[in-house]
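Results of the structural survey
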Amino acid sequence: MDHVGGVAGVFRGRQVLAVVGPHWPDPPAGRASVVAAAGRLGLHEIGPGWAYAVGGLRVTVIGPYEPLHGTNSDPNNNSLVLRAEIKGETVLLPGDAETEEQDELLRYLGAGALRADVLKVAHGNVRSAPMTGKVRAGIYTRISDDRLGEALGVARQERDDRELAARLGWDVARVFTDNDVSASSGRRRPAYEAMIEAIKAGEIDAVVVWDVDRLTRRPAELEVFIDLAERHGLQLASVGGDIDLATPQGRLTARIKGSVARHEAEQLARRIRAKVGELASTGAIANGGPRPFGFHRVYSGEGPRRKILRDELDPLEAPIVREAARRVLAGDSMGSVIRWLRDSDVRTSTGRTWSQQALRIMLRSGRIAGLREHQGRVVGPAVWPGIITAEEHQQLRAVLDAKTRAPGSRVRMHYLTGFVYCSDCADKGVKMRPCPQAGKLKYKCSTDVGGCNGRVIVLDDLRELIDAYMVARLNDPETLRELAEREAADDGRAGELVDEIEAAERRLKLLKPALEDGDEDELPEVLATVRALRKRIKAARVELGEVTSRPDITTLDLPEMAKRWADLDLDKKQHLLALFVDRIVIGPARRGLARFDPDRVDVIPARRGANGDDDRDTV
């Protein structure tokens, strides 16, 4: 009307109670003419959210959302955009908004907020976006389990969704697919996230799904989607029945379906846990996870979710597992086994470099002994073959548990550490510790641990002396004979301990039903029995670790004993030293003697010495 009769024509013959306009000041002349025509009423600046109602008409300002600068026509692109409602019908009044302001409103409000029954088209000099009248729909498809990777389930959903969109007269703008992705696990769903961003950007006006549970099975996530739909005027269509998220009844329906989907997901999880427990009890393979090292895995189908048929021993990796187990049982340190694996260019089944944690997990596992584990416990024999024996498995677990260091404990870098005492402080149990002094590493009776600070000896000199002592002892055939007899006795004891552990674990398994479903009056007695059994298992494992982690002395080659001793790793030397030596006592240095004095060193034999001699040896 302002282009017919000018500003004056707007007021002519009408009762005007107020004059409102945008914050935009341009063009100055046009604004001045409006202010002049308003007279005493004045010009009230308004913006998005302002509303006015009279009779059955309600008018709401929805734009401009923020001032626009540098457009094709800043005055046009900052004109008020109104939404009018009357008798259930909506009218969109875009004023002189051109494509820049239209795009801005789409970005902020979404297409749903701009949808109306009637659109007042701007005059011919205003550039407008083409009005197709079509709803731009996004199809979302999802399936939780696609082991074969063929995407047949999502393809069927998309076909049905496209048919529904065609019946509704909607254009399919994009398809978002999450194949082999659960909606209840909390894991990321890339396609779902991309769809949410497209909704926020105003790229789609509606979403088509096969059913609400394809969107989500989590009520909290559904609430986020409902809030997003309300803010952007999003329409939702489902093959299982349309849901109008713009109405309270529609939102209630969506929430009910979402709650039902959540219940179904929880029931499915319960059934899966029960099935996993059933598979474990029969020793069957759990269908998931990376291929275990030492085994060749036979599959049915293709893709990451293919079905596992069986595990067979890998001809290349299984011998490596046996050798690693043999080395640990022979007393080698985990670090030395790791170095051997790395020097041999052996990698894990996933192609990574071996770490101590990965090696420990593999060697402690019942899998390599052909045993099935469930929730960290062996539950029985497995359907796959073992690489090592069940007895070796028990020995390995005992040795590895004994090797576990307490948090904050120190790692020994010298095999004599822990055996060296000062003659003045030995009765107090104070051990000399290695520390640098005058450019050399020395054992010192430090005040930090309650020592006298008056006794020092060069570490390398002491080590060479004890090396010679140990080689001499190991070269004694009588010593080796008595050690071999002790090892034979230890082997018998190891078998007894394994039998004791297995019997206790069988009793624990029998007591499990009583713990879960037993009589309340009997429960204290059952708990006491379980605690006693676990205490017995722990003590047996500790003893088994001590017995089985001793190095096999009888395999050492006497003619090359000095070389073999030098090649032994730290752990083996410490074990051997403990067989012969209880402690090494360092006496005071003689005045004026600058060289190393072996007469200062007294070796106290171990209480179970190989030759039964409990007298002190002076080296």
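Residues numbered from 1 in each chain as written. Predicted model: local features only at pLDDT ≥ 70, side-chain atom pairs only at ≥ 80, totals over all residues. Heavy atoms only, no water.

**Overview of the overall build of the chain**
The number of helices and strands found in the chain is 19 helices and 22 strands. A burial count over the chain gives 40% of its 619 residues as buried. Long-range contacts, defined as pairs at least 24 residues apart, comprise 60% of the intrachain contacts of the chain with a sequence gap of at least 6. Working note: accessible area of the chain is about 34,000 Å², and carbon and sulfur atoms make up 52% of it. (Helix = DSSP H or I, 4+ residues; strand = E, 2+ residues; numbered from the N terminus. Buried < 20%, exposed > 50% of the residue type's maximum accessible area, 1.4 Å probe, protein only. Contact = heavy atoms within 4.5 Å. Areas by Shrake-Rupley, 256 points an atom, 1.4 Å probe, with all protein chains shown as cover.)

**Digging into helix H11 (residues 317-329)**
For H11, spanning 13 residues, the distance from its first C-alpha to its last is 19 Å, which sits close to the expected 18 Å at 1.5 Å a residue. If you check which residues of H11 are buried, you get Glu-317, Ala-318, Ile-320, Val-321, Ala-324, Ala-325, Val-328 and Leu-329. Looking one or two places after H11, you find Gly-331, whose phi comes out positive at around 105 degrees. (Expected span 1.5 Å × (residues − 1).)

**With respect to the packing of aromatic side chains**
By the definition in use, this model includes four aromatic pairs. Here the aromatic rings of Trp-50 and Tyr-52 are separated by 6.3 Å at their centres, their planes lie at 5 degrees, and the arrangement is stacked. Residue Trp-50 is classed as partly exposed on the basis of its relative accessible area, which comes to 32%. A centroid spacing of 5.7 Å and a plane angle of 70 degrees characterise the contact between Tyr-140 and Tyr-192, whose relative ring orientation is edge-to-face. Of this pair, Tyr-140 sits in strand S8 (residues 136-143) while Tyr-192 sits in helix H7 (residues 190-200), and the two are 52 residues apart along the sequence. Comparing Tyr-140 with Tyr-192, the two get one shared label, buried. If you follow Arg-367 out to its NZ or CZ, it ends over the ring of Trp-384, 3.9 Å from the centre. (Phe/Tyr/Trp six-rings, centres within 6.5 Å; stacked < 30°, edge-to-face > 60°. Lys NZ or Arg CZ within 6 Å of the ring centre and 35° of its normal.)

**Focus on the sheet that holds strand S4 (residues 57-63)**
Two pairing modes exist for strands in a sheet, parallel and antiparallel, and in both the strands are linked by backbone hydrogen bonds. Ordered by their spatial adjacency, five strands build an open sheet running S3-S4-S5-S6-S7, and the pairing between neighbours is mixed. A single partner strand is all that each edge strand has here, and the edge strands are strand S3 (51-54) and strand S7 (118-119). Across six bridges, S4 lies against strand S5 (residues 81-86) in antiparallel orientation. Looking at the pairing, Arg-58 lines up with Glu-85 of S5. (Pairing = 2+ DSSP bridges.)

**Comments concerning the pairing of S3**
Sheet topology note: the S3/S4 ladder contains four bridges and is antiparallel. Looking across to S4, one finds that Tyr-52 is bridged to Val-59. Adjacent in sequence and paired antiparallel, S3 and S4 are bridged by two residues, among which Gly-55 carries a positive phi angle near 60 degrees.

**Section: the sheet that holds strand S9 (residues 171-179)**
On the basis of which strands lie adjacent, the open sheet formed by four strands has the order S9-S8-S10-S11 and parallel pairing. Looking at which strands have only one partner, the edges of the open sheet turn out to be S9 and strand S11 (235-238). Taking each pair of neighbouring strands and ignoring which way they run, the sheet shows an average axis angle of 20 degrees. Strand direction decides the pairing type here: S8 and strand S10 (residues 206-209), joined by three bridges, are parallel. Of the residues in S10, the one forming a bridge with Ile-139 is Val-208. (Axes fitted to C-alpha atoms, helices over the stretch in contact; angles between N-to-C directions.)

**Section: the pattern of salt bridges**
Scanning the model with the defined rule gives 16 salt bridges in all. A salt bridge links Glu-323 to Arg-327; its shortest N-O distance comes to 2.9 Å. Here Glu-323 pairs with Arg-327, and both are found in helix H11, just four residues apart, close to one helical turn. Asp-597 serves as the salt-bridge partner of Arg-590, at 3.1 Å between the closest nitrogen and oxygen. Taking relative accessible area as the criterion, Arg-590 reaches 46% and is therefore assigned partly exposed. For Asp-597, a relative accessible area of 6% corresponds to the buried category. (Salt bridge = Lys/Arg side-chain N within 4 Å of Asp/Glu carboxyl O.)

**Side note on unusual backbone geometry**
For the bond from Gly-63 to Pro-64, the omega torsion is 5 degrees, close enough to zero to count as cis. In this fold, Pro-64 is placed in the loop between S4 and helix H3 (74-77). A positive phi angle, close to 60 degrees, is found at Asp-345, a residue other than glycine. Examined against the element boundaries, Asp-345 turns out to sit in the loop between helix H12 (334-343) and helix H13 (356-364). Although it is not a glycine, Asn-453 adopts a positive phi angle of roughly 65 degrees.

**Observations concerning the side chain of His-393**
By the secondary structure assignment, His-393 is in helix H14 (residues 390-403). In this structure, His-393 is in contact with Arg-364, Ser-365, Gly-366, Ala-369, Leu-371, Val-378 and Ile-388, ignoring residues within four places of it in sequence.

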